[in-house]
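Observations on the model geometry
The lines below spell out each chain.
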Amino acid sequence: MDKLLGEFSIGLFFWQTVLFLALLFLLRKFAWKPILDAVNEREDKISGSLEEAEKMKVEMAALKASNEDLLKEARAERDLMIKDAKETASKMIEEAKEKAKVEGSKLLSSAKESINAEKAAAITELKTQVAAFSIEIAEQIVRAELSSADKQKAMADKMAEDINMN
Amino acid sequence: MHRLLRILFVLAVTSPLIVNANTHADEGHGGGPETELTPEKQREKNNEFVKHHTKDSHDFGVLVDESEDKHYGFPLPVILYDNGIHFFWSSAFEHGHKVVESNGLYYKLDAHDGKIYKTDEHGHVLKKVVIDEDTKEESLEELMPLDLSITKNVFIIFLMSILMFFLFRGIAKSYRTGLAPTGAAKFFEPIILFIRDDIAIPNIGEKQHKKYMVYLLTVFFFIWFLNLAGMTPLGINVTGNLAVTAALALCTFVITTFTAKKDYWMHIVWMPGVPVPMKIMLFPIEVIGMFVKPFALMIRLYANMLAGHIVLGALIAAVFFFDAFLAKGAFIGLTFFMNIIELLVALLQAYIFTMLTALYFGAAAAEGHH
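Residues numbered from 1 in each chain as written. Chains lettered and ligands numbered in written order. Predicted model: local features only at pLDDT ≥ 70, side-chain atom pairs only at ≥ 80, totals over all residues. Heavy atoms only, no water.

**Comments concerning the overall build of chain A**
Looking only at helices and strands, chain A has three helices and zero strands in total. Ordered by position from the N terminus, the helices and strands of chain A form the series α-α-α. Here chain A has a C-alpha radius of gyration of 65 Å; the compact-globule value for 166 residues is 15 Å, and the former is much larger. Over its C-alpha atoms, taken along the principal directions, chain A stretches across nearly 205 × 30 × 10 Å. Put simply, chain A has 166 residues, and 10% of those count as buried. (Helix = DSSP H or I, 4+ residues; strand = E, 2+ residues; numbered from the N terminus. Rg over C-alpha atoms; globule rule 2.2 N^0.38 Å. Buried < 20%, exposed > 50% of the residue type's maximum accessible area, 1.4 Å probe, protein only.)

Quick look at the structure:
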């Protein structure tokens, strides 16, 4: 112990303490604080960036999913639209066909009617004409028959005979 | 700045070779008397050589030519407090050969223990009578002034502090241009982060560690750099000095004690979770433990570094002690191997000191979560 104490130099202890404390305070102000601050700042920045990247990734995935959804929706809509259009078209065609049919039949029937009417009219006229002709013919015949007395008499006889025979 | 560090590393690695060269040059000059030494005397001389190189000194010696007693190096200022301040250069002592007069008082440097004694004008050491209180025996004690000299170790601590200040300020500045490390920061940032993430946070806790970081970082690099300085062939042994490690351990003790929370004191005074008789028993043990912890820190660093230097010194001395060519070669190889080990120890001791300091801080900063 004595030897140990003999090794101890008060002067060296004094200067060591003074110099070490001075170094401690100088380094704190000029070195450790700025270095640790810079390192901390960088670490914060790195972890912040990583976090942000992670967030971006999630966001991107969400965006992609929503895009997909949108696309799917659009596709479904398109399909629906096409189907609708097809339906409408076929319906329209059907309708048109129906209409055409109805119209056609209507036309046909009206045509038939008019034909019948015309026919009837024609028949009537014909009848009238025929009647007129008949009357004329009959008149002429009668006239011819009755142009002489003999004839009138023969006629009368004949008629009388017909009647008699009946 | 990092170029300077690289030079330091290279010096540290090649130091055994340079030491050999230095001592070899010594021998060349002093060839004559050297050969006449008996093995016992040679042993004693080697012993002195090893001891001398682990000691602090008042001048910065690089080489000694023993045959002509010539010292190469430069003097350092001597500051003594003895009824006022005395200031002169250590060259005035002429390595213990001359008595120095300063403000009417006389001083002499003892070349063997490296201490300054108060003398009369003829160089006789002044003594005072000390009476032992128990035995009432009278004994003489040599008078010594309060020595506050800028010794070699103080000078090296000062140089290293300046180097550390500019190195780490430079690193701090390099972060201003961008957050990515550049230059020296590339090397030192992982170490700083290691101290934060693997020493401070696990031992002190995420929440509390910030206020202790400044001390932990400073103490780690301070010890590591000074240990590495000790690996240079300049014969520096700063961290192997009791005064230096005592000052460091005292800092740890003071910070631990003054930042300690209620839990720390409760664990010392009234240990929770044990029966009352145990609480009473544990109180003195815990109080002793409070002081033993920093004491162990002090002794551990001191003893490890001093032992490393003594082993290295002994191995280098052995290279010159044996004449056989093979023995010389073997000891040179062993010295080189020991240097590599010491490089590792330099880092390891800095790590252990910082680690244990963080552990004590952790105990002081802990808040009731048992």
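**Re the sheet that holds strand β6 (residues 105–109) of chain B**
Residue and element names in this part refer to chain B. Sheet architecture is open: three strands sit in the order β5-β6-β7, paired in antiparallel fashion. Of all strands in the sheet, those with a lone pairing partner are β5 (100–102) and β7 (116–119), marking the two edges. Direction aside, the axes of adjacent strands within the sheet are offset by 35 degrees on average. As judged from the four bridges shared by β6 and β7, these two strands associate in the antiparallel manner. Each bridged residue has a counterpart across the sheet, and for Tyr107 the counterpart in β7 is Lys118. (Pairing = 2+ DSSP bridges. Axes fitted to C-alpha atoms, helices over the stretch in contact; angles between N-to-C directions.)

**Concerning the interface of chain B and chain A**
Between chain B and chain A, the contact holds 49 residues from the first and 34 residues from the second. Buried surface at the junction of chain B and chain A, both sides included, amounts to about 3,600 Å², of which 80% is carbon and sulfur. On the chain B side of the interface with chain A, the three residues burying the most area are B:Phe165, B:Leu179 and B:Val214, jointly 16% of the side's total. The tally of links between chain B and chain A comes to two salt bridges. Put simply, B:Glu189 and A:Arg42 hold a salt bridge, and the shortest N to O gap is 2.5 Å. (Contact = heavy atoms within 4.5 Å. Buried area = accessible area lost by both parts, 1.4 Å probe. Salt bridge = Lys/Arg side-chain N within 4 Å of Asp/Glu carboxyl O.)

**Here's the deal with the pattern of salt bridges**
Counted according to the given criterion, the structure contains six salt bridges over all chains. Salt-bridge contacts for B:Asp82 lead to B:Lys118; the nearest nitrogen and oxygen are separated by 3.2 Å. Residue B:Asp82 is found in the loop between β3 (77–81) and β4 (85–89), and its partner B:Lys118 is found in strand β7; the two are separated by 36 residues along the sequence. For B:Lys118, a relative accessible area of 15% gives the class buried. Taken together, the salt bridges that share partners define one network made up of A:Glu43, B:Arg196 and B:Asp197.

**Quick notes on the nonpolar core**
Across soluble globular proteins, nonpolar side chains show a tendency to be buried alongside one another. One finds B:Phe168, B:Phe188, B:Phe221, B:Trp224 and B:Phe225 to be the most contacted residues of the largest nonpolar core, which totals 83 residues. Elements with a minimum of two residues in this core: α2 (10–145) of chain A together with α4 (152–177), α5 (184–204), α6 (210–229), α7 (242–259), α9 (276–321) and α10 (325–365) of chain B. At 16 residues, the largest contribution of residues to this core is made by α6(B). Core analysis: the second largest hydrophobic core is formed by eight residues, B:Phe93, B:Val100, B:Leu109 and B:Ile116 among them. (Core = buried A, V, L, I, M, F, W, Y, C linked by side-chain atoms within 4.5 Å.)

**As for the domain arrangement of chain B**
All names here are of chain B. If you check the domain split of chain B, you get domain 1 (2–74), domain 2 (77–147) and domain 3 (152–365). Across the boundary between the two partners, domain 1 contributes six residues, which contact 10 residues of domain 2. When domain 1 packs against domain 2, the two sides together hide about 680 Å² of surface, and 47% of this comes from carbon and sulfur. Applying the counting criterion to the domain 1 and domain 2 interface returns zero salt bridges. Counting the contacts that link domain 1 with domain 2 gives two residue pairs in polar contact (both at pLDDT 80 or more). When the residues that make up the side of domain 1 that touches domain 2 are grouped by side-chain class, the tally is no nonpolar, two polar and four charged. (Domains from an automatic or database assignment. Polar contact = N/O pair within 3.5 Å; in protein donor to acceptor, adjacent residues only side chain to side chain. Nonpolar A, V, L, I, M, F, W, Y, C, P; charged D, E, K, R; others polar.)

**Some details on the side chain of A:Arg42**
Inspection of the secondary structure puts A:Arg42 in helix α2. Given a relative accessible area of 14%, A:Arg42 falls into the buried group. Apart from the residues within four sequence positions on either side, A:Arg42 is in contact with B:Tyr175, B:Leu179, B:Ala180, B:Pro181 and B:Glu189.

**Re the environment of B:Arg300**
Residues and elements named next belong to chain B. By the secondary structure assignment, Arg300 is in helix α9. C-alpha separation for the pair Arg300 and Tyr117, spaced 183 residues apart in sequence, amounts to 31 Å. When residues no more than four places from it in sequence are discounted, the contact partners of Arg300 are Gln349, Ile352 and Leu356.

**Structural notes on the packing of helix α8 (residues 262–269) of chain B against α9(B)**
Residue and element names in this part refer to chain B. Axis separation between α8 and α9 bottoms out at 6 Å; the angle between their running directions is 120 degrees. Considering the angle they form, α8 stands oblique to α9. Contacts between α8 and α9 involve Tyr264, Trp265, His267, Ile268 and Val269 on the former and, on the latter, Lys279, Phe283, Glu286, Val287 and Met290. Of the residues that constitute the contact of α8 with α9, the class distribution is seven nonpolar, one polar and two charged. (Parallel < 35°, antiparallel > 145°, perpendicular 65-115°, else oblique.)

**Focus: the sheet that holds β3(B)**
Two pairing modes exist for strands in a sheet, parallel and antiparallel, and in both the strands are linked by backbone hydrogen bonds. Residues and elements named next belong to chain B. Within the open sheet, the three strands sit side by side as β4-β3-β10. Their pairing is antiparallel. Each end of this open sheet is capped by a strand with a single partner; those strands are β4 and β10 (146–147). Bridge count between β3 and β4: five bridges; the pairing is antiparallel. Residue Leu80 lies in a different strand from β4, and its bridge partner there is His86.

**A closer look at the packing of α5(B) against α10(B)**
Residue and element names in this part refer to chain B. Between α5 and α10, whose axes approach to 7 Å, the crossing angle comes to 35 degrees. In the crossing of α5 with α10, the sense of the turn from one axis to the other is right-handed. Contacts from Phe194, Ile195, Ile199, Asn203 and Ile204 in α5 reach Tyr351, Thr354, Met355, Ala358, Leu359, Phe361, Gly362 and Ala365 in α10. Considering only residue class, the contact of α5 with α10 consists of 10 nonpolar, three polar and no charged. (Left-handed = near helix turned anticlockwise from the far one by under 90°.)

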